[in-house]
Amino acid sequence: MTLVNETITGGTVPQAPPVTIRKAAVPIDDEAARLEALRRTGLLDSEPEPAFDDLVSWACDHFRVPIALVSLLDAERQWFKARRGLPVQETPRDIAFCRFTIRQSLPMVVEDAAGDPRFQDNPLVLGEPHIRFYAGAPIINRQGLALGSVCLIDTVPRSFGTVDRMVLAQLTVTALVAIEQRQG
């Protein structure tokens, strides 16, 4: 990922050069290895932890969304290690947006879920929490296995620019560091 440093002088924002996001390797497509790596983290069904709770709180405030999650995709469920704005601890895997997110290297953005054929009939779109906007970035461990995602949800459609995508992707690095520190 390319980092952009901007200096604001004289009350004006300088024109930034075009930003190129390099595509990272697609996560390894080995579900058995992915699930084993997830289980080895000890995160599933664990107690809340400040590092993850702080991450989702910061994400809600920064992106001005009502819901942010650190989502882990188990065999049959999506379990939330950290959540803000969502009362449930887990959802079935077959309706999880995250099941698509973990298959790619870059953030997945759905600006209006009601108009997206993958999600328009999803119970999370049609009912609570009435997802319209979703942005999720995969948490990929050092072995190239996607453990889950950091995701943002809103109840209204919205756009999500390149810098937003970069910041969201950086939050997955923060989540991975927290995962590694608790294992170490």
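Given the structure is predicted, the values throughout are model-derived calculations rather than measurements. Just so you know, the residues in each chain are numbered from 1, in the order the chain's sequence is written. Residue-level local features of this predicted model are given only where pLDDT is at least 70; pairs of side-chain atoms are given and counted only at 80 or more, and the full residue set underlies all totals for whole chains, interfaces and linings. Calculated side-chain values reflect all of the structure's heavy atoms, with hydrogen atoms and water omitted.

Tell me about the pairing of strand β1 (residues 67–73), and please be specific about residues and values.
Counting buried positions along β1 yields 7 of 7 residues, so the element is predominantly enclosed. Burial classes follow relative accessibility: with a 1.4 Å probe on protein chains only, a residue under 20% of its type's maximum area counts as buried, one over 50% as exposed, and anything between as partly exposed. Secondary structure elements are taken from DSSP: a helix is a run of H or I of four residues or more, a strand is a run of E of two residues or more, and numbering for both begins at the N terminus. Of the two faces of β1, the one holding I67, L69, S71 and L73 and the one holding A68, V70 and L72 are both buried throughout. Any two strands are treated as partners once DSSP identifies two or more bridges connecting them. Of the pairings in the sheet, the one linking β1 to strand β6 (residues 146–154) comprises 6 bridges and is antiparallel in character. Within the sheet, the bridge partner assigned to A68 lies in β6 and is L152. Bridging between β1 and strand β2 (residues 77–84) involves 6 bridges; their strand directions are antiparallel. Looking at the pairing, L73 lines up with Q78 of β2. A loop of 3 residues connects β1 with β2, the two strands running antiparallel in sequence.

Would you mind going over the pattern of salt bridges in detail, with residue names and values included?
Throughout this description, the term salt bridge denotes a Lys or Arg side-chain nitrogen within 4 Å of a carboxyl oxygen of Asp or Glu. Taken as a whole and assessed by the stated rule, the structure comprises 14 salt bridges. Note that R77 and D74 form a salt bridge whose closest N and O atoms lie 3.4 Å from each other. Assigned by exposure class, R77 and D74 land together as buried. Among the salt bridges present, the one from D154 reaches R158, with a minimum N-O distance of 3.1 Å. Owing to a relative accessible area of 9%, D154 belongs among the buried residues under this scheme.

Give a detailed account of the nonpolar core, specifying residues and quantitative values.
To define a nonpolar core, start from buried Ala, Val, Leu, Ile, Met, Phe, Trp, Tyr and Cys residues and group those joined through side-chain atoms within 4.5 Å. Within the largest apolar cluster, 32 residues are counted, with the highest numbers of intra-cluster contacts made by F63, V70, V150, L152, F160 and L168. Residue assignment for this core shows that the elements contributing at least two residues are α1 (31–41), α2 (50–63), β1, β2, β5 (133–140), β6 and α5 (162–183). In terms of nonpolar packing, the next biggest core, distinct from the first, is built from 22 residues, I67, L69, F80 and M108 among them.

Lay out the confidence of the model for the protein in plain terms, naming residues and giving numbers.
A residue's pLDDT is simply how confident the predictor is in it, with values from 0 to 100. Taken residue by residue, the protein gives an average pLDDT of 88. The fraction at 70 or more is 86%. Confidence drops under pLDDT 50 across residues 1–23; counting only partners more than four residues distant or on other chains, this segment forms 20 contacts. Only heavy atoms enter the contact rule, under which two residues are in contact if any of them lie within 4.5 Å.

Quick rundown of the environment of L126? Include the residues and the values.
With respect to the element layout, L126 can be found in helix α4 (residues 123–126). On a C-alpha basis, the gap between L126 and A114 in space is 8.2 Å, while along the polypeptide they are 12 residues apart. Excluding residues that lie within four positions of it along the chain, L126 makes contacts with Q120 and D121.

Can you break down α1 residue by residue, with the values?
Buried within α1 are the following residues: R34, L35, A37, L38 and T41. Projected onto a plane normal to the axis of α1, the buried residues spread over an arc of 160° and lie on a single side. With respect to the buried face of α1, the exposed residues turned more than 90 degrees away are A32 and R40. In this structure, the buried residues of α1 make contact with β1, β6 and α5. Each C-beta atom gives one direction from the helix axis, and the arc is the one those directions make.

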